[in-house]
Amino acid sequence: MRARRGSRSRGAVAASAALLLLSPLVLTACSGDGGATEPDPTPAGETSKAGKPKPVKETRDAVPVADPEHAVDPPGKRDGRLWSADILVQWDKPLDDALVKKIEKMKGVAHTERIGLGQVSLENRVLTVAAVDPGGYRNFTEVKVADFQEAWDRVAGGEMAIDQKVAKRLADKAGMIRLGSEESAPTLHVGAYTPQIPTIDMVVNTAWADDIEMATDNGLLISTDNIAPATIRKPLEKLVGKDVSVQMLDIASLIGLDPDATLTAIPTGGSIGTVVGTYRYRVIGGGRIAPESSWVAANIRTEVVPILGSVTCHKDLFPQLRNALLEVQQTGLAAEINPDEYAGCYYPRFIANTTTLSNHSFGLALDLNVPGNGRGTVGEMNRAVVAIFEKWGFAWGGDWRYTDPMHFELREIKRAG
């Protein structure tokens, strides 16, 4: 039986007490007697700060299963050769077996691996999570990651593998990350810091998919081995159809995203996933994106709301935004929101200096009183106004680890009455 969404199983609670060894590859637990040792951040096989080589362990003790209710069979020792991660194909539905067989028979396709793909909204960053079979997926990673047995044992045991920079922004002191803004969203322990395949931010095993409300079989990794991936792009796109995302990962590894691909985001779980659906877009330069016109027509509206006047947002944001602003007005706090310092709701672009979507891309966030409420500050936002917005289902960026006090975003669907 699975752990209830939003709850922490006994295994997860035990994992949260682990000592985080800040290695670029793996986080190890406390010793059995409760003693802790000073973390050594040097990867195995490299030179420590003391100038001595850190030995590579040939064998490792069995890794305890952190979350038995979200565990899959351990992968065992790596089996088979490594494959280059050359192309990532993403559908908005489970893979068709017959179509996969046709792809596998294409000239230039050397090997494939089925995975699940979804996007989670974490502190205004829309990140990609992959649900994988650790034994097969590891063969598409770089050799030092593929051969780091403990990392894959931990993923199989219910923990998460994630890029270290992403984890440091999002994990709490116990090494836990909640995959969503709602309090009911599942919380996972970070088991390993590992470099990720381009465009993927974190990896979990498939037992977590139901809790995250994501697919396990809507993505396909393709290796072309010694053949340039671009040579099969056109025939592959023709085979899978125009609504499917086909990304060249060799390009993405250099510049962050494939500019010639139609990219797909499928926000998972909760309110965000419900109102966004499938979001397809193209990169148009200068940090801007062009969402699919049919999605924009179906979802984006311009309406008049109290205090701010005319604003452009997702249609499902307006009822709660209007009620929140009306209550601000009725409680005599309207002067605490300056309409001249409103910085927008819907703007289809990446977060500055990244290739990461924000909830503004969906029209589900807004920035208020920009001067005096910059990133990384406590801000000047009136806390009574904040409380009203939170009452109406908004999350406030001032509560985040790296604060953004001007920012409010949809957390859950709430209606009056």
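Look a little higher up for the structure.
Here is a short report on the structure shown in this document.

Here is what the cut-offs are and how they apply
- Residue positions are counted from 1 within each chain, in the order its sequence is given.
- Owing to the predicted nature of the model, reporting of local features is limited to residues with pLDDT of at least 70; listing and counting of side-chain atom pairs is limited to 80 or more, with chain, interface and lining totals taken over all residues.
- Water and hydrogen atoms were dropped before computing side-chain values, which therefore reflect all heavy atoms in the structure.
- Buried Ala, Val, Leu, Ile, Met, Phe, Trp, Tyr and Cys residues that are joined via side-chain atoms within 4.5 Å together make up what is termed a nonpolar core.
- Summary of the burial criterion: residues with accessible area below 20% of their type's maximum are buried, those above 50% are exposed, and those between are partly exposed, where the area comes from a 1.4 Å probe applied to protein chains only.
- Numbering of helices and strands runs from the N terminus, with a helix taken as a DSSP run of H or I at least four residues long and a strand as a DSSP run of E at least two residues long.
- Contacts are assigned to residue pairs with any non-hydrogen atoms lying within 4.5 Å of each other.
- Think of it as the arc spanned by the lines of direction from the helix axis to the C-beta atoms.
- Think of a polar contact as two N or O atoms within 3.5 Å of one another; within protein, one of them needs to be a possible hydrogen donor and the other a possible acceptor, and neighboring residues in sequence only count if both atoms come from side chains.
- At least two DSSP bridges between two strands are needed for those strands to be called paired.
- To define axes, lines are fitted to C-alpha atoms, for helices over the stretch in contact only, and angles between the resulting N-to-C directions are given on a 0 to 180 degree scale.

Quick look at the nonpolar core now. One broad trend across soluble globular proteins is that nonpolar side chains are buried collectively. Membership of the largest hydrophobic core comes to 43 residues, with the highest contact counts inside it found for Tyr-279, Leu-321, Leu-357, Phe-389, Phe-394 and Phe-408. Among the elements that line this core, the one with the most residues is helix H12 (residues 318-330), at 5 residues. With residues up to four places along the chain from it excluded, the contact list for Phe-389 reads Leu-321, Ala-324, Leu-325, Val-328, Ile-337, Leu-368, Phe-394 and Phe-408.

On to the side chain of Asn-124. Relative to the helices and strands, Asn-124 resides in the loop between strand S2 (111-122) and strand S3 (125-132). Relative accessible area serves as the criterion here: at 8%, Asn-124 is assigned to the buried category. Apart from residues no more than four positions distant in its own chain, Asn-124 is found in contact with Ile-351, Leu-357, Ser-358, Asn-359, His-360, Trp-400, His-407 and Glu-409.

Residues of helix H8 (residues 233-240) that are buried include every one of Arg-233, Leu-236 and Val-240, and no others. Each buried residue of H8 sits inside an arc of 70° when the element is viewed along its axis, so together they form one side. Structural note: H8 exposes Lys-234 and Lys-238 on the side pointing more than 90 degrees away from its buried face. On its buried face, H8 is in contact with strand S1 (87-90), helix H2 (97-104), strand S8 (219-223) and strand S9 (245-248).

One can find Glu-123 in the loop between S2 and S3. Among the residues examined, Glu-123 registers a relative accessible area of 21% and is labelled partly exposed. On a C-alpha basis, the gap between Glu-123 and Ser-181 in space is 7.4 Å, while along the polypeptide they are 58 residues apart. If near-sequence neighbours (up to four positions away) are discounted, Glu-123 is found in contact with Arg-169, Leu-170, Trp-400, Arg-401 and Tyr-402.

In this section: the side chain of Gln-149. Here Gln-149 is to be found in helix H5 (residues 149-156). Among the polar contacts listed, one links the side chain of Gln-149 to the backbone oxygen of Gly-76, at a separation of 2.8 Å. Excluding its chain neighbours within four sequence positions, the residues that come into contact with Gln-149 are Pro-75, Gly-76, Lys-77, Arg-78 and Arg-138.

Okay, H5 next. Summarising burial for H5: 8 of the 8 residues are buried, a large majority. Among the residues of H5, Gln-149, Glu-150, Ala-151, Trp-152, Asp-153, Arg-154, Val-155 and Ala-156 are the ones counted as buried. Among the structural elements, helix H3 (134-137), helix H4 (143-146), strand S4 (160-162), strand S6 (187-193) and strand S7 (202-205) are those in contact with the buried residues of H5.

With that settled, consider the pairing of S7. Neither face of S7 is left uncovered, since the one carrying Met-202 and Val-204 and the one carrying Val-203 and Asn-205 both have all their residues buried. Here S3 pairs with S7 via 4 bridges, running parallel. Residue pairing for S7: Ala-130 is matched across the bridge by Val-203. Here S4 runs beside S7; their pairing, made up of 2 bridges, is antiparallel. Its bridge partner being in S7, Ile-162 is matched across the sheet by Met-202.

As a further point, take the sheet that holds S9. One open sheet holds the 9 strands; their spatial order is S5-S6-S4-S7-S3-S2-S8-S1-S9, and the pairing between them is mixed. With one partner strand each, in any of the chains shown, strand S5 (176-178) and S9 form the two edges of the open sheet. Sheet twist, expressed as the mean angle between neighbouring strand axes with direction ignored, is 35°. Alignment of S1 against S8, held across 4 bridges, turns out to be antiparallel. Directly across from Ile-87, in S8, lies its bridge partner Ile-222. Packed on one face of the sheet, H5 meets S4, S6 and S7 and runs near 60° to S7. Against the sheet, H8 contacts S1, S8 and S9, and its axis sits at roughly 165° relative to S9.

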